[in-house]
Amino acid sequence: MATLAKRKAQNSPGQIYVDSSCIDCETCRILASDIFGEDQTGSFVKKQPETESEKLQALQALVACPTASIGTEDRIDLTEAKLSFPRRIQDEVYHCGFHSKDSFGAFSYLIVREEGNVLVDSPRYIPSLSEKIKNLGGIKYHFLTHRDDIADHEKFHNDFGTQRIIHEGDLSAVPNAEIVIKGKEPFSLSEDLLVIPGPGHTRGHSTLLYKHKFLFSGDHLAFDPERDRLIAFRGACWYSWEEQTKSMQDLENYNFEWLLPGHGHPTHTDRKRMSEMLRSCVLWMQKR
């Protein structure tokens, strides 16, 4: 729990605050960008919420924070914020919330489908979240983009009987995975789900393409809103930048409108613009 004694001096005076346990995962700045800012110490409250919408966004960031580094001066009812997750993004795709410190605050997602729901990477296991997911049809597949973002996969497996999916290159992180992706060729999990191996960030990193519209990119690819461009994390490439660049080139063979990363800002644009941004990202990577 956040504590007033550790409240950062940078915080705007008022009810909401960030304390010094913040790990700078960016979660709060993505969920409530008008409220939270960033400096060399990580996140802080740059403006206290004023409208009801801003208050809800701030409390959503509070319950999503992986390290419980956001607090309130007075006791506040968090029921609405907790029940807002999973939060619908578009169509059948939801943001799970409840980020895990074991995944350094990575985003996780839920795809609701008649053929069986898919959990992409892993949030914290929270009973209220589990109940909400059960009401949405449970979980059939648990797709894990790579070894870093597996968090509470075992708890979800025990609760839902999930079929965990991971590439053989990262299998040591989930040795009991039910479905193991092999090699570099795309794997069709079903008509609407395509697993695209993308080694680079880790040896076994993969992305998931849903309905040729939503790309769940893990730590492979993200969006930088300040520069309005797609990016890869050169300073957080644990396996091979050369391989990651090749993997990014492979993604140019696919069309999608939504980019939903583990770290970084989700973004939506038309297919032509997304393709152009991806090409620019590849060219940038080739020069590094």
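Quick notes on the rules
- Residues numbered from 1 in each chain as written.
- Predicted model: local features only at pLDDT ≥ 70, side-chain atom pairs only at ≥ 80, totals over all residues.
- Heavy atoms only, no water.
- Pairing = 2+ DSSP bridges.
- Helix = DSSP H or I, 4+ residues; strand = E, 2+ residues; numbered from the N terminus.
- 1 Å grid on protein atoms, 1.4 Å probe; cavity = no way out; pocket = protein on both sides within 12 Å on 5 of 7 lines; lining within 4 Å.
- Points joined across faces, edges and corners; volume = space filled by probe spheres on them.
- Nonpolar A, V, L, I, M, F, W, Y, C, P; charged D, E, K, R; others polar.
- UniProt positions renumbered as here; feature names shortened; annotations may be inferred.
- Axes fitted to C-alpha atoms, helices over the stretch in contact; angles between N-to-C directions.
- Parallel < 35°, antiparallel > 145°, perpendicular 65-115°, else oblique.
- Left-handed = near helix turned anticlockwise from the far one by under 90°.
- Contact = heavy atoms within 4.5 Å.
- Core = buried A, V, L, I, M, F, W, Y, C linked by side-chain atoms within 4.5 Å.
- Buried < 20%, exposed > 50% of the residue type's maximum accessible area, 1.4 Å probe, protein only.

Trainee: Just give me the short version of the sheet that holds strand β14 (residues 206-210), but keep the residues and values in it.
Mentor: Judged by pairing direction, the sheet is mixed, and its 6 strands sit side by side in the order β12-β13-β14-β15-β18-β19 without closing on themselves. The open sheet is flanked by β12 (187-190) and β19 (267-268), the only strands paired with a single partner. Sheet analysis places β12 next to strand β13 (residues 193-197), joined by 3 bridges and oriented antiparallel. Paired with phenylalanine 187 across the bridge in β13 is valine 195.

Trainee: Tell me about empty space enclosed by the protein, and name the residues and values.
Mentor: Going through the model one piece at a time under the given rule, you end up with 2 cavities of 30 Å³ or more. Put simply, the largest cavity is a space of about 110 Å³. Of the residues assigned to the lining of the largest cavity, the class counts are 9 nonpolar, 4 polar and 2 charged. Size it by volume and the second largest cavity reaches roughly 50 Å³. Lining of the second largest cavity is provided by Tyr254, Asn255, Phe256, Arg271, Met274, Ser275 and Leu278. Class assignment of the residues belonging to the lining of the second largest cavity gives a composition of 4 nonpolar, 2 polar and 1 charged.

Trainee: Any chance you could break down the UniProt feature "domain: Metallo-beta-lactamase" (unreviewed entry) in the protein chain for me, citing the residues and the numbers?
Mentor: Under the UniProt annotation, the feature "domain: Metallo-beta-lactamase" (unreviewed entry) is placed at residues 105-263. A helix fraction of 18% and a strand fraction of 29% characterise residues 105-263, whose end C-alpha atoms lie 8 Å from each other.

Trainee: Lay out the layout of surface pockets with the relevant residues and their values.
Mentor: The volume enclosed by the largest pocket comes to roughly 650 Å³. For the largest pocket, the lining is made up of 27 residues, of which Cys25, Glu26, Arg29, Phe233 and Gly264 are closest to its centre. For the lining of the largest pocket, the elements supplying multiple residues, two or more each, are β2 (36-39) and β16 (222-224). As a volume, the second largest pocket reaches approximately 480 Å³. In terms of lining, the second largest pocket is formed by 19 residues, of which the most central are Met1, Leu62, Ala68, Ile70 and Leu78. Among the secondary structure elements, those contributing two or more residues to the lining of the second largest pocket are α2 (52-64) and β4 (70-72). Looking at the lining of the second largest pocket element by element, the count peaks at 3 residues for β4. Counted by class, the lining of the second largest pocket contains 13 nonpolar, 3 polar and 3 charged residues.

Trainee: Talk me through the packing of helix α4 (residues 127-135) against helix α5 (residues 153-160); I want residue IDs and the actual numbers.
Mentor: Running from amino to carboxyl end, α4 crosses α5 at an angle of 45°, the nearest separation of the two axes being 12 Å. In terms of their interaxial angle, α4 and α5 are classed as oblique. Note on packing geometry: the crossing formed by α4 with α5 is right-handed. Where α4 abuts α5, its residues Leu129, Ser130, Ile133 and Lys134 lie against Phe156, Asp159 and Phe160. The residue inventory of the contact of α4 with α5, partitioned by class, reads 4 nonpolar, 1 polar and 2 charged.

Trainee: Help me get a handle on the nonpolar core, residues and values and all.
Mentor: Phe36, Ile70, Leu208 and Phe216 are the most contacted members of the largest nonpolar core, which has 50 residues in total. Among the elements that take part in this core, α2 stands out by supplying 6 residues, more than any other. The contacts of leucine 208, once residues within four sequence positions are left out, are Ile111, Val118, Val120, Phe143, Leu193, Leu194, Val195, Phe214, Leu215 and Phe216. Core analysis: the second largest hydrophobic core is formed by 21 residues, Leu215, Ala232, Leu251 and Leu278 among them.

Trainee: Mind laying out the pairing of strand β15 (residues 214-218), listing which residues take part and the relevant values?
Mentor: Summarising burial for β15: 5 of the 5 residues are buried, a large majority. Judged by which residues are buried, β15 turns out to be covered on both faces: Phe214, Phe216 and Gly218 on one side and Leu215 and Ser217 on the other are all buried. Sheet analysis places β14 next to β15, joined by 3 bridges and oriented antiparallel. Within β15, the position partnered with leucine 209 by the bridge is leucine 215. The antiparallel hairpin formed by β14 and β15 contains 3 residues in its connecting segment, where lysine 211 sits at a positive phi of about 55°. Relative to strand β18 (residues 258-261), β15 is paired through 4 bridges, and the arrangement is parallel. Bridge pairing links leucine 215 to leucine 259 in β18.

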